[in-house]
Amino acid sequence: MDGQGQDFKWIGKRTVRPDGVDKVTGRANFGADFSLPGMLVGKVLRSTHPHARILSIDTEKAHALPGVKAVITAADLPDIPSEEAHFGEDPTDFRHVSHNVMARDKALYDGHVVAAVAATSESIADEALGLIEVNYEVLPHVLDVEEAMKPGAPLVLEDLITGGVTPTPKDPSNIAKRVQFDLGDTEAGFKKANMVVERRFTTKPVHQGYIEPHAVVASTSEDGHTLVWCSSQGHFMIRAACAKLLGLDVSQLRVMPAEIGGGFGGKITVYLEPLAVLLSRKTGRPVKMVMTREEVFRGTGPTSGTVMTVKIGATKKGQITAAEATLAYQAGAFPGSPVGLGCMTAFAPYDLENVKTVGFDVVVNRPKATAYRAPGAPLAAFAAESVLDELAKALDIEPLELREKNAAKEGTKAPYGPRFGPIGYVETLQAVRDHPHYSAPLGPNQGRGIASGFWMNFGGQSSAVVNVNEDGTVVVTLGHPDIGGSRASMALMAAEVLGIDIAKVRPIIGDTHTIGFSDITGGSKVTFASGMAVVEAAGDVVAQLRERTAMIWEVEAEGVVWEDGHALPASTNVGEFEPLSLAQIAAMAAKIGGPISGRASINAKGAGPGFGTHICDVEVDRETGRVVVLRYTAVQDAGRAIHPAYVEGQLQGGAAQGIGWALNEEYVYGDDGRLQNPGFLDYRMPVASDLPMIDTVIVEVPNPNHPFGVRGVGEVPIVPPLAAVANAVENAIGVRMADLPMSPPHILAALEDKA
Amino acid sequence: MTKHHVSTTINGEPAEFLCEPQQTLLDVLRDELNLTGSKEGCSSGDCGACSVIMDGRVACACLALGVEAEGRSIETIEGMAEGETLHPLQRLFLEEAALQCGYCTPGFLVAAKALLDRKPDPTETEVRFWLAGNLCRCTGYDKIVRAVLSAAAEMRG
């Protein structure tokens, strides 16, 4: 398993996370847990129309209410020009971000913010919202992606010209962008096929479903500097967006990262933060804003609903000759669905000669789609992996064998361009074949499905500082919010490099003024990129420790080596010296060169692609249509599991989210364009009694570009479950479910159609 | 608005506060008493992040009013450890990595404690159904359920 022949002291240990005690005692401070004296409560007014022109907003009565300190509308924000913004995995536009934070001219979805207030209490703020008079001209709306693509559909953005097509269209439409990825010649490929399967799929928008609603406190000093406390997936992102949207210098904003109660991509952009900063700047007082759950559903996230067609052809022996996908993704009210990523990932697990994927990014009168864990990929994989299963059935080949025959391996050219380096897809398939789950017997109305998933994983900008304290303990300062235990893996990597006990290492997340720029926590980048920065910063410390030792011993630095937490002479030629521990050198540092501090600011390249394969058993109740997941196994190549328990946790959590997406979760809109299920009762996420234990197998094919072989692991596990569940349902009842969710009414309808 | 004076017991200690009649127990705990360990996830009793134990029964603090605390005994996450000694549930949640973001964790711990107070030997199914009122979006519940079963076994000795 150990491709790099490394023998580790700390890597791979299941240590207790450094932030753990605070999280089991209630001490940990999340976004809404922070307060300041004299703090005001900020609240927003949201449109209940899915599409309406804002003719006027009268805030006079709200202003006049005692206790109201400020009322703002889009007129209070600068009307900024278009400018590409790089927050997460896909670029967006600061102008669109601004218009999403506060509607300008038109309200574009039910839940779109049109005004905000700051008042001395929550009840006064609520009363003030009721006194704001918005004069709307209600416009026809469009929710469905195919309807929105038709000529004559209501135009969500009146100046939107489709990108990615030649010639450039003259007239605006709701199609923001067309993307295409080609490899080989699919037409020729399909001619070589003995069997071709084509099917259309639809899915509904689903929400990331983090349990912590968005929350922020902003406090502005008389010198124009604003402190912001909030939970997000990137405090540098919050700073950049607030500065851009409000026309401030970046250095005027200091953003403190609160603990974050889940994000899954949903917290890689701003909603309340610029408004809280503006309200605080207007009032000169701290302002706290916290969303309700209803606001989270109506105003943030979700990921795209889709219409997708996938076509795959193969020879009798199961060699895939061509694969095509056409994907139309809802972007919500502004461009930027993850359809490009869907196109890139759809067939990535396979070594194919002929591939064509076409994607459409389509605006509709829904909340702006935000990244959700491997954005775009679970949807495309749902369609592709379902068709693969159908193809296997038509060819009378075991679905696992069809995947084995066509599996991508080192040297395979990915459908989106690059050639894969060492990857572990084949190893995940072998682990599935070897797992007792794969050959366990099934009962009546039970079925088993498998499906695979891919995510390219990201690197990016990352900073770390390692400070050695005078007693030999170490503080590691990091730049990415810790969303799921990354401080634990960073501490392990630092301890490994320094050769000291993990108990001596204290990792913290620095704020935007105390640590170098770091990208968002997203793209499965943190253990990879932040880990590289930590390894480099700790290596910087080791170099300094060797130099200090050389000064003490009066030898050349090259004559000192660092082993197991101690400085040793490199050879007997250097001289006879007693080993010096890190703590001994730290105690003398003041006299020999001053403080010991290592740092690294990097742009990490070479993220290793990740592959996973899941096995799912279900039982279908033919009377009620309820699908119960009986057994579930998630297999994934982690490259190297720094903290295996948290890798397993990622696999289990991703599987559970995918199962919810497959079986229950959906945004339900009425004909009036209003969201009908903005709460956890009606938007049903899996609870403990819905799920079995989720078994995990971690495969380790090291990523040669990371010092310890790390691949990102967070996103892959949500890619296979949608198809794994659908394939299991088909195996159980002989019905191919092409529309998500596979909720009881849909299962019953499908069973009736079959009968 | 006239505030009500409430005398209650929180984590074994007498407590008094003033609250508005419409303020929830969760708002009082978080905003008036600075006990922010109980979290708000939904305000509708669907997520369990605000779970507290009221007179021995697990309850969503977002569904109780502050004034209902009068004369009652309330246990919150802040009272679960004894000094520096963590409750076995707290320790096993850490040792078995039963949390990722940690936002739902206080609610799960309080609800699990209420279960083990009542039933020291629950089955996996009983743990799953007892905790069905608590939402976790990170873990898939596997490690949470295992940690609760481990704590139950340890506490039985």
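Sequence order as written defines residue numbering, which begins from 1 separately in each chain. Written order decides the labels, with chains lettered from A and ligands numbered from 1. Under the rules for a predicted model, residues below a pLDDT of 70 receive no local features and side-chain atom pairs below 80 are neither given nor counted, while totals for whole chains, interfaces and linings still include all residues.

Draft legend 1. Structural context of the overall build of chain A. Helix numbering and strand numbering both begin at the N terminus, where a helix is a DSSP run of H or I of at least 4 residues and a strand a DSSP run of E of at least 2. Looking only at helices and strands, chain A features 19 helices and 28 strands. Using C-alpha atoms as the atom set, the radius of gyration is obtained and then compared with a globule rule of 2.2 Å times the number of residues to the power 0.38. Relative to the 2.2 N^0.38 estimate, which gives 27 Å for 755 residues, the radius of gyration of chain A is 27 Å and therefore close to what a compact globule would have. Long-range contacts, defined as pairs at least 24 residues apart, comprise 80% of the intrachain contacts of chain A with a sequence gap of at least 6. Residues are defined as contacting one another if the C-beta atoms placed from their backbone atoms lie within 7 Å.

Draft legend 2. Representation of the overall build of chain B. Scanning chain B from terminus to terminus reveals five helices and five strands. From first element to last, N terminus to C terminus, chain B shows the α and β order β-β-α-β-β-β-α-α-α-α. For 157 residues, the compact-globule estimate of 2.2 N^0.38 gives 15 Å, and chain B sits close to it at 15 Å. When the backbone C-alpha atoms are referred to their principal axes, chain B occupies close to 50 × 30 × 25 Å. Per-residue burial for chain B yields a buried fraction of 59% across its 157 residues. Restricting the contact set of chain B to residue pairs at least 6 apart, pairs at least 24 apart contribute 59%. Partly exposed residues are those whose C-beta has more than 12 but fewer than 20 other C-beta atoms within 10 Å; 20 or more makes a residue buried and 12 or fewer makes it exposed, with C-beta atoms placed from the backbone.

Draft legend 3. Highlighting the domain arrangement of chain A. All names here are of chain A. Domain extents, as shown, originate in an automatic or database domain assignment. The domain architecture assigned to chain A consists of domain 1 (20–27 + 459–604), domain 2 (34–139 + 212–261 + 267–299) and domain 3 (306–457 + 608–754). Computed from C-alpha coordinates alone, the two centres of domain 1 and domain 2 are separated by 39 Å. At the junction of the two partners, domain 1 supplies 13 residues and domain 2 supplies 16 residues. When grouped by side-chain class, the residues that make up the side of domain 1 that touches domain 2 number five nonpolar, six polar and two charged. Under the scheme applied, nonpolar residues are Ala, Val, Leu, Ile, Met, Phe, Trp, Tyr, Cys and Pro; charged residues are Asp, Glu, Lys and Arg; polar residues are all the others, including Gly.

Draft legend 4. Looking closely at the confidence of the model for chain B. Note on scores: pLDDT gives the predictor's confidence for each residue, bounded by 0 and 100. Scored by pLDDT, chain B comes out at a mean of 97, with 99% of its residues at no less than 70. Listed scores for the predicted complex are pTM 0.97 and ipTM 0.98.

Draft legend 5. The arrangement of the sheet that holds strand β1 (residues 40–46) of chain A in detail. Residue and element names in this part refer to chain A. Strand pairing follows a simple DSSP-based rule, namely that at least 2 bridges must link the two strands. Read from one edge to the other, the open sheet built from seven strands follows the order β3-β7-β1-β14-β11-β12-β13, with strand pairing classed as mixed. Each of the sheet's edge strands pairs with one partner strand only, and the pair in question is β3 (68–72) and β13 (253–257). On average, adjacent strands in this sheet sit at an angle of 20 degrees to one another, irrespective of strand direction. Summarising the sheet, β1 and strand β7 (residues 113–119) pair through six bridges and their orientation is antiparallel. Looking across to β7, one finds that R46 is bridged to V113. Each of β12 (226–230) and β13 is contacted by helix α7 (residues 235–246), which is oriented at about 150 degrees to β13, the strand it contacts most. Lines fitted to the C-alpha atoms define the axes, with helices restricted to the stretch that makes contact. Angles between their N-to-C directions range from 0 to 180 degrees.

Draft legend 6. View of the interface of chain B and chain A. Taken together, the contact between chain B and chain A spans 42 residues of the former and 43 residues of the latter. At the level of elements, α2 (88–95), α3 (105–118), α4 (124–130) and α5 (142–156) of chain B are the ones that each hand at least two residues to the side of chain B that touches chain A. Counting residues per element, the side of chain B that touches chain A draws most heavily on α2(B), which supplies four residues. Among the residues forming the side of chain B that touches chain A, the class breakdown is 22 nonpolar, 11 polar and nine charged.

Draft legend 7. Structural context of the environment of G152(A). Residues and elements named next belong to chain A. Assignment of secondary structure puts G152 in the loop between α5 (145–149) and β9 (175–183). G152 sits in the exposed class, given 7 other C-beta atoms within 10 Å. Sequence separation of G152 and N174 is 22 residues, and the distance between their C-alpha atoms is 10.0 Å.

Draft legend 8. Looking closely at unusual backbone geometry. Residues and elements named next belong to chain A. Of note, the amide linkage connecting T166 to P167 takes the cis form, showing an omega dihedral of -5 degrees. With respect to the helices and strands, P167 occurs in the loop between α5 and β9. Residue P302 is reached from G301 by a cis peptide bond, and omega for that bond is -25 degrees. With respect to the helices and strands, the residue P302 is situated in the loop between α9 (293–299) and β15 (306–314). Phi angles above zero are rare outside glycine, and N445 is one such case at about 60 degrees. Here N445 lies in the loop between α13 (425–434) and β18 (446–455). C-beta crowding within 10 Å serves as the criterion here: with 13 such atoms nearby, N445 is assigned to the partly exposed category. The phi dihedral of N457 falls on the positive side, at around 65 degrees, and the residue is not glycine. With respect to the helices and strands, the residue N457 is situated in the loop between β18 and β19 (460–468).

Draft legend 9. Spotlight on the sheet that holds strand β2 (residues 52–58) of chain A. All names here are of chain A. The sheet built from three strands is open, its strands ordered β6-β2-β8 with antiparallel pairing. Taken across any chain shown, the strands that pair with only one partner, and hence form the sheet edges, are β6 (106–107) and β8 (133–138). Direction of pairing for β2 relative to β6: antiparallel, over a ladder of two bridges. Across the sheet, residue A52 finds its bridge partner in β6, namely A107.

Draft legend 10. Spatial organisation of the pairing of strand β11 (residues 215–220) of chain A. All names here are of chain A. Counting buried positions over the six residues of β11 gives six, a clear majority of the element. Along β11, one buried face is formed by A215, V217 and S219 and the opposite face, lined by V216, A218 and T220, is buried too. With four bridges joining them, β11 and strand β14 (residues 287–290) adopt antiparallel strand pairing. Residue pairing in the sheet places A218 in a bridge with V287 of β14. The sheet contact formed by β11 and β12 spans five bridges and is antiparallel. Residue pairing in the sheet places T220 in a bridge with T226 of β12.

Draft legend 11. The arrangement of the environment of A115(A) in detail. Residues and elements named next belong to chain A. Positionally, A115 belongs in strand β7. The buried category is assigned to A115, around which 27 C-beta atoms lie within 10 Å. Once the C-alpha coordinates of A115 and R46 are considered, the two residues, 69 residues apart in sequence, prove to be 7.3 Å apart. Leave out the neighbours within four places in its chain, and A115 touches L45, I57, T59, V71, I72, T73 and I132.

Draft legend 12. Region of the structure containing the packing of α2(B) against α5(B). Residues and elements named next belong to chain B. In contact at an axis separation of 9 Å, α2 and α5 are set at 135 degrees when each is read in the N-to-C sense. It follows from the interaxial angle that α2 and α5 lie oblique. Seen along the crossing, α2 lies across α5 with a hand that is right-handed. Between α2, through P88, L89, L92 and F93, and α5, the contact on the second element is made entirely by A147, V148, S150, A151, E154 and M155. Classifying every residue of the contact of α2 with α5 by side-chain character gives eight nonpolar, one polar and one charged. Roughly parallel means an angle under 35 degrees; roughly antiparallel means over 145; roughly perpendicular covers 65 to 115; every other angle is labelled oblique. In this scheme the crossing of two helices becomes right-handed for a clockwise turn of the near helix relative to the far one and left-handed for an anticlockwise turn of less than a right angle.

Draft legend 13. A look at the domain arrangement of chain B. All names here are of chain B. Under the domain assignment used here, chain B contains domain 1 (4–79) and domain 2 (88–156). Between domain 1 and domain 2, the C-alpha centre-to-centre distance is 21 Å. A total of three residues in the side of domain 1 that touches domain 2 trace back to one element, the largest contributor, which is strand β3 (residues 51–54). Looking at the side of domain 1 that touches domain 2, its residues break down into seven nonpolar, five polar and one charged.

Draft legend 14. Broad picture of helix α17 (residues 644–663) of chain A. Helix span, expected: 1.5 Å multiplied by one less than the number of residues in the helix. If you check α17(A), its first and last C-alpha atoms are 28 Å apart, about what 20 residues at 1.5 Å a residue would give, namely 28 Å. Taken across its 20 residues, α17(A) has 18 buried, putting it largely inside the fold.

Draft legend 15. Looking closely at α5(B). When the terminal C-alpha atoms of α5(B) are compared, their 22 Å separation across 15 residues agrees well with the 21 Å that a helix rising 1.5 Å per residue should span. Among the residues of α5(B), D142(B), K143(B), I144(B), V145(B), A147(B), V148(B), A151(B) and A152(B) are the ones counted as buried. Elements in contact with the buried residues of α5(B): α17 and β28 (694–699) of chain A together with α2, α3 and α4 of chain B. Two residues or fewer past α5(B), G157(B) is found with a positive phi of approximately 80 degrees.

Draft legend 16. Molecular detail of the nonpolar core. Each nonpolar core reported here comprises buried Ala, Val, Leu, Ile, Met, Phe, Trp, Tyr and Cys residues connected via C-beta atoms within 7 Å. Grouped together as the largest cluster of nonpolar side chains are 302 residues, with contacts concentrated most on V362(A), A494(A), V725(A) and V729(A). Among the elements that line this core, the one with the most residues is helix α15 (residues 526–553) of chain A, at 12 residues.

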